[in-house]
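Architecture and fold: a report
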Amino acid sequence: MALDSTTEKLSKLGIDGDLAASAPNLQKNIHLLSPQQIELAKILLETGQSHLFQHWAEPGVDDEEKKAFFEQVTRLNSSYPGGLASYIKTAKELLADSKAGRNPFDGFTPSVPKGEVLTFGDDNFINFEDAGIREAHKAAFVLVAGGLGERLGYNGIKVALPRETTTGTCFLQHYIESILALQDASCKLTQGKCQAKIPFVIMTSDDTHSRTLQLLEANSYFGMEPTQVKLLKQEKVACLNDNDARLALDPHNKYRIQTKPHGHGDVHSLLYSSGLLNSWHDAGFRWVLFFQDTNGLLFNVSCLHPCLIAIPAALGVSAAKQYHVNSLAVPRKAKEAIGGITRLTHADGRTMVINVEYNQLDPLLRATGHADGDVNCETGYSPFPGNINQLILELGPYIEELTKTGGSIKEFVNPKYKDASKTSFKSSTRLECMMQDYPQTLPPTARVGFTVMDAWLAYAPVKNNPEDAAKVPKGNPYHSATSGEMAIYRANSLILRKVFFSVSLNPFSLEYANLSCFGVSVVLSHLILGFYLHVSQAGVKVADPVVQVFNGQEVEVWPCIAWKPKWALTFANVKKKVGGSCCISQRSTMVIKGRNVFVEDLSLDGALLIDAIDHAEVRIGGSIQNKGWTIENVDYKDTSVPEELRIRGFRINKIEQLEKNYSEPGKFSLKP
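Right, let's walk through the structure included here. Just so it is clear, the model here is predicted, and its values are computed rather than measured. (Residues numbered from 1 in each chain as written. Predicted model: local features only at pLDDT ≥ 70, side-chain atom pairs only at ≥ 80, totals over all residues. Heavy atoms only, no water.)

As a further point, take the side chain of R595. With respect to the element layout, R595 can be found in the loop between strand 25 (589–593) and strand 26 (597–605). A distance of 3.4 Å separates a polar atom in the side chain of R595 from a polar atom in the side chain of D614. Once residues lying within four places of it in the same chain are set aside, the contact partners of R595 are D184, K188, K566, W567, K577 and D614. (Helix = DSSP H or I, 4+ residues; strand = E, 2+ residues; numbered from the N terminus. Polar contact = N/O pair within 3.5 Å; in protein donor to acceptor, adjacent residues only side chain to side chain. Contact = heavy atoms within 4.5 Å.)

This is the structure in structure tokens:
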């Protein structure tokens, strides 16, 4: 009777005898499954996955594990656009292409796309920066933070790592404080036209979700309203055992499919399926900004990044150029291990502007008539800007595209074959997708561009552990916690060096300025100008760095200068808050925590820490000298030292400092 019942159930669901016979153990246990799960079983059998049930026990044995298997299958099916059938179909196609050695860029000719190259601090930059601040209240921010810090030698979530150890501010805190500062600045510039708070989405994973939430809750969301923050958890995808895309079982559990991360391209499908994009659009938002974790210079006075290179300025570029997609980029040396933003034109007329990985760009150029391949141009850099996986998308066209694709992104597969026959894998593989490959499906009419910033403000991600970083050839970036922190101090020092002031000319000096045009001595006119201008330029003299070695990495050590985003979010903010002639020695440390702190005619040789509430106006100047803080080497193998310090190779020894806290409103002066 039971057999008749099972046969009838299978028949009603369209599972014929041959299909059911391919998995007799499943057929015996079909009574354990709901109708929806039987539908999934049918999909598995139709796509060649009968091996998954080969080792299933008789009914009554391991029944709970069998139910758990289909619970996992349900999750894998629902979390992938198009479900498991689509995943397996795509896998078979991509694995066939991989085995055949097909080049995804066959038929395409590369060329340099159009974009905007910005020079930090010039008038063009400042204009874009101002425009971007005005747009910021219409932007939503998305942080891709699905990874742990294991590759760094750190066992926690990466966003909990200190961005720098002078203040100990973690990456997530810095990002949130920067978004809040941007929100405030945008509302002020638009005279309160912003109706909603800037949304902040964090894509997490099974590995990071609970710990990210715990970090936020333990720190009261670092000042952001909890309703502004949304966590979207990324699911993993099924692993593939062979060229027939047969799903791999977990080697430790025959009732579980082995899974691995799908890649950060999942952020697009998660946003689409969450309904957030339409909610933002209805609320009047226009932009979505994507960035990745552990980018130490991120939001740093408009230097978005080690990886985002300039949120306000780049957002201003997007608005002015009406870009649907704006890829933030950095100057890139030819053959450098970073992808290049490239325009591809197919023989059939198709065009797209996408990232082409460095190991694909050089052979592609050689194959299309560029005999030297990827080479530097007259600027000393490759004409193809370096992709840093940071995007600004216009929301309306973004929703239209994801509606067409269901949120899916072009995928790739990278199997490791046992031998040249390519018939078997060394280990299971899976489909992957990348956030920056979103433009691959866009129509030719889409406006896709890029924004490049000065190299000294650019790319300094934190992703390599000390041992791997120490093996990097001299002159190449370490991409470690050591180099990431030093990049922050370098950027802040150079930003201050860029600050200078010209005293406005009075009518008399303007008249004298023109005297040389009427035959008056040029030298005389310059002398007169000097007299009337008093001091034509003043600024910040920041001492040159010294070179030190930490964890086997040779780095420049600049003064340890750090400030909160609310003090200066843009270069224009810095220029307004630093005046006169200032000088900072190489061994100095300066930390500014306060919105209305002004630095004027300061000579600093030591450590200075200022913390002030928003309604306290503090003016700092004069000569400040003390024993300061020193940087001491740490052995990364010394387990008595906290991980977050070991991976840097140094700790800060706080010997002596001048520290002032202003907790009452009012005007204050600190001029020793």
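The structure having been displayed, the exposition proceeds.
This part is about the pattern of salt bridges. A side chain of one charge can pair with a side chain of the opposite charge if their charged atoms are brought near each other. A complete count under the given rule lists 32 salt bridges for this structure. Residue E135 pairs with K138 through a salt bridge whose shortest N-O separation is 3.2 Å. Given the relative accessible area of 11%, E135 is considered buried. Of the residues examined, K138 reaches a relative accessible area of 23% and is grouped as partly exposed. With its nearest N and O atoms 3.1 Å apart, the salt bridge here joins D242 to R246. (Salt bridge = Lys/Arg side-chain N within 4 Å of Asp/Glu carboxyl O. Buried < 20%, exposed > 50% of the residue type's maximum accessible area, 1.4 Å probe, protein only.)

Core analysis: the biggest nonpolar cluster contains 56 residues, and L496, W563, V574, L602 and I620 have the highest contact counts within it. If near-sequence neighbours (up to four positions away) are discounted, L602 is found in contact with S581, C582, C583, M590, L608, I620, G621, G622 and I624. I179, I198, I311 and I388 belong to the second largest nonpolar core, which has 47 residues in total. (Core = buried A, V, L, I, M, F, W, Y, C linked by side-chain atoms within 4.5 Å.)

On to the packing of aromatic side chains, then. All told, the structure shown has 19 aromatic pairs when counted by the stated rule. Considering the side-chain rings of Y662 and F668, the 5.1 Å spacing of their centres and the 45° angle between planes classify their relative orientation as tilted. Ring pairs connect the aromatic residues F53, W56, F69, F70 and Y255, which therefore count as one cluster. A cation sits over an aromatic face here: K333 above Y381, 4.7 Å from the ring centre. Sitting over the ring of F598, R619 keeps its end group 4.4 Å from the ring centre. (Phe/Tyr/Trp six-rings, centres within 6.5 Å; stacked < 30°, edge-to-face > 60°. Lys NZ or Arg CZ within 6 Å of the ring centre and 35° of its normal.)

Let us now look at the environment of E644. Mapped onto the secondary structure, E644 falls in helix 20 (residues 643–646). As a C-alpha pair, E644 and G156 span 488 residues in sequence and 9.5 Å in three-dimensional space. Other than its neighbours up to four places away in sequence, E644 contacts Y154, L161 and P162.

Pairing is parallel in the open sheet, where 4 strands are placed in the order 22-25-27-31. Here the strands that pair on one side only, and so sit at the sheet edges, are strand 22 (560–563) and strand 31 (658–662). For this sheet, the mean inter-axis angle between neighbouring strands, taken without regard to orientation, is 5°. Pairing of strand 25 with strand 27 (residues 607–612), which is carried by 5 bridges, proceeds in the parallel orientation. Residue pairing for strand 27: M590 is matched across the bridge by L608. Sheet contacts for helix 16 (residues 481–498): strand 22 and strand 25; angle to strand 22, the most-contacted strand, approximately 80°. (Pairing = 2+ DSSP bridges. Axes fitted to C-alpha atoms, helices over the stretch in contact; angles between N-to-C directions.)

One non-glycine residue, Y221, lies in positive phi territory at about 60°. Looking at the element boundaries, Y221 is found in the loop between helix 9 (209–218) and strand 5 (229–233). Looking at Y221, the relative accessible area reads 14%, which means it is buried. At Q322, a residue that is not glycine, the phi angle is positive and equals roughly 55°. When you line up the elements, Q322 lands in the loop between helix 12 (311–321) and strand 11 (325–330).

Taken residue by residue, a regular strand's side chains alternate between the two faces of the sheet. Of all 9 residues in strand 14 (residues 386–394), 9 are buried; the element is thus mostly enclosed. Because side chains alternate across strand 14, one face comprises the buried residues G386, I388, Q390, I392 and E394, and the other comprises N387, N389, L391 and L393, equally buried. Pairing analysis gives 4 bridges linking strand 10 (residues 287–292) to strand 14, with the strands arranged antiparallel. Along strand 14, the bridge assignment pairs L289 with I392. With 6 bridges joining them, strand 11 and strand 14 adopt antiparallel strand pairing.

To continue, consider the pairing of strand 10. Of all the 6 residues making up strand 10, 6 are buried; the element is thus mostly covered by neighbouring parts of the structure. Of the two faces of strand 10, the one holding W287, L289 and F291 and the one holding V288, F290 and Q292 are both buried throughout. For strand 3 (residues 139–144) and strand 10, the ladder comprises 6 bridges, and the chain directions are parallel. Paired with A140 across the bridge in strand 10 is V288.

The next subject is the packing of helix 7 (residues 123–135) against helix 8 (residues 171–189). Helix 8 packs onto helix 7 with a crossing angle of 95° between their chain directions and a minimal axis gap of 7 Å. In this view, helix 7 runs roughly perpendicular relative to helix 8, as classed from their interaxial angle. Contacts from D130, I133, R134 and E135 in helix 7 reach L182, A185, S186 and L189 in helix 8. (Parallel < 35°, antiparallel > 145°, perpendicular 65-115°, else oblique.)

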